[in-house]
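Structural description and commentary
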Amino acid sequence: EDQVTQSPEALRLQEGESSSLNCSYTVSGLRGLFWYRQDPGKGPEFLFTLYSAGEEKEKERLKATLTKKESFLHITAPKPEDSATYLCAVQEGGGYNKLIFGAGTRLAVHP
Amino acid sequence: EAQVTQNPRYLITVTGKKLTVTCSQNMNHEYMSWYRQDPGLGLRQIYYSMNVEVTDKGDVPEGYKVSRKEKRNFPLILESPSPNQTSLYFCASSLKKTATLYGYTFGSGTRLTVV
């Protein structure tokens, strides 16, 4: 069965304290792995798409990497405005590009 | 502004009273989908539509109906809501050709409480 597991469930960091969020997945025929950011009371907002093992994408303080079984979202020197829930999703193949989501990691960055 | 618009944002209703949550997108997207989000369970797909008049069940379709009579609109209908449908609902859409690049564009969500 296709599955996406994110860890940790919640993470508290001090401003400037770098860390990583993990997304492990099992899916047949991975077409893409997506990272989204979700702020309270809002819908998920697209961050990155990764397609193959070894690929990396960066955006400001965020860097996403992909292996054959997991993806990491590295946050370098985070700021309080990086506080949000980060969602990982995998897209399986077939005629319809369905997204399967993990439960998310709630990140809180304190000054 | 390109967006997915859901209404209402908040809704409290009683068990058994039929309701509709509307979803509209202005980006000419072929794909539209409904998800529910529950603590610890993540986003789960309820129904999806690949184009006008083409809809299919997602992972948790029981108790829900949808229709796609126009390309821009994809309403979610709860014929007889029950308390276990209390959740945060999101509508999402994408272009077929860019779904693999960007995933979906999501609406702001509808928080539904059934008492």
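A brief report on the enclosed structure follows. All figures in this text were calculated on a predicted structure; none of them were measured in a lab.

1. A word on the overall build of chain B
Helix and strand content of chain B: one helix and eleven strands. Starting at the N terminus, the α and β elements of chain B follow one another as β-β-β-β-β-β-β-β-β-α-β-β. The C-alpha radius of gyration of chain B comes to 13 Å, within 12% of the 13 Å expected for a compact globule of 115 residues. Expressed as a percentage of its 115 residues, the buried residues of chain B come to 51%. Expressed as a percentage of contacts within chain B between residues at least 6 apart in sequence, the contacts between residues at least 24 apart total 55%. A total of about 5,600 Å² of accessible surface is found on chain B, and carbon and sulfur atoms cover 52% of it. Positive and negative side-chain charges in chain B, numbering 14 and 9 respectively, have mean positions lying 3 Å apart.

2. Quick look at the overall build of chain A
Regarding its fold elements, chain A presents zero helices and eleven strands. Looking at chain A as a whole, 47% of its 111 residues qualify as buried. For chain A, the exposed surface amounts to about 5,300 Å²; the carbon and sulfur share of it is 48%. Positive and negative side-chain charges in chain A, numbering 13 and 15 respectively, have mean positions lying 2 Å apart.

3. What to know about the sheet that holds strand 3 (residues 19-26) of chain A
Residues and elements named next belong to chain A. Read across the open sheet, the five strands follow the order 1-3-8-7-6; overall the sheet is antiparallel. In this open sheet, the two strands that pair with only one neighbour each are strand 1 (3-7) and strand 6 (56-59). Here the strands of the sheet are splayed against their neighbours by 15° on average, with no regard to which way each runs. Two strands pair when backbone bridges link them, and strand 3 and strand 8 (residues 70-75) are joined in this way by six bridges, in the antiparallel orientation. Bridge pairing in strand 8 places Ser-19 opposite Ile-75.

4. Description of the interface of chain B and chain A
In many analyses, interface size is given as the accessible surface area lost on bringing the parts together. Listed per partner, the contact involves 24 residues of chain B and 21 residues of chain A. Taking both sides of the interface into account, the surface hidden between chain B and chain A amounts to around 1,800 Å²; carbon and sulfur atoms contribute 52%. Looking at the side of chain B facing chain A, the largest losses of area belong to Leu-43, Thr-100 and Tyr-104 of chain B, adding up to 29% of the total buried there. Among the elements of the structure, strand 4 (31-38), strand 5 (42-51) and helix 1 (99-102) of chain B are those that each provide at least two residues to the side of chain B that touches chain A. By residue number, the principal contributor to the side of chain B that touches chain A is strand 5 of chain B, which donates five residues. A per-class count over the side of chain B that touches chain A returns twelve nonpolar, nine polar and three charged.

5. Things to note about the environment of Thr-86 of chain B
Residues and elements named next belong to chain B. Tracing the backbone shows Thr-86 in the loop between strand 8 (76-78) and strand 9 (87-94). Take Thr-86: its relative accessible area is 31%, and that puts it in the partly exposed class. Taking the C-alpha atoms as reference points, Thr-86 and Leu-112, 26 residues apart in sequence, are found 5.4 Å from one another. The contacts of Thr-86, once residues within four sequence positions are left out, are Arg-36, Asp-38, Leu-112, Thr-113 and Val-114. Polar contacts involving the side chain of Thr-86 include one to the main-chain amide nitrogen of Val-114, which spans 2.9 Å.

6. Focus on the state of the cysteines
In this structure the tally under the stated criterion is two disulfides over all chains. Each disulfide pairs two cysteine sulfurs, and for Cys-23 of chain A the partner residue is Cys-88 of chain A, the sulfurs being separated by 2.0 Å. Taking the sign of the S-S torsion, -60° for the link of Cys-23 of chain A and Cys-88 of chain A, the bridge is left-handed. Pair noted here: Cys-23 of chain A is in strand 3 and Cys-88 of chain A is in strand 9 (residues 84-92), with a separation of 65 residues, a long-range link. Each member of the pair, Cys-23 of chain A as well as Cys-88 of chain A, carries the same accessibility label: buried. Each sulfur of the disulfide joining Cys-23 of chain B and Cys-91 of chain B lies 1.9 Å from the other. Since a negative S-S torsion denotes a left-handed disulfide, the Cys-23 of chain B-Cys-91 of chain B link at about -75° is left-handed. Of this pair, Cys-23 of chain B sits in strand 3 (residues 19-25) while Cys-91 of chain B sits in strand 9, and the two are 68 residues apart along the sequence. By the burial criterion, Cys-23 of chain B is buried, and Cys-91 of chain B matches it.

Conventions and cut-offs
Residues numbered from 1 in each chain as written. Chains lettered and ligands numbered in written order. Predicted model: local features only at pLDDT ≥ 70, side-chain atom pairs only at ≥ 80, totals over all residues. Heavy atoms only, no water. Helix = DSSP H or I, 4+ residues; strand = E, 2+ residues; numbered from the N terminus. Rg over C-alpha atoms; globule rule 2.2 N^0.38 Å. Buried < 20%, exposed > 50% of the residue type's maximum accessible area, 1.4 Å probe, protein only. Contact = heavy atoms within 4.5 Å. Areas by Shrake-Rupley, 256 points an atom, 1.4 Å probe, with all protein chains shown as cover. Lys, Arg positive; Asp, Glu negative; His and termini not counted. Charge placed at Lys NZ, Arg CZ, Asp CG, Glu CD. Pairing = 2+ DSSP bridges. Axes fitted to C-alpha atoms, helices over the stretch in contact; angles between N-to-C directions. Buried area = accessible area lost by both parts, 1.4 Å probe. Nonpolar A, V, L, I, M, F, W, Y, C, P; charged D, E, K, R; others polar. Polar contact = N/O pair within 3.5 Å; in protein donor to acceptor, adjacent residues only side chain to side chain. Disulfide = S-S within 2.5 Å.

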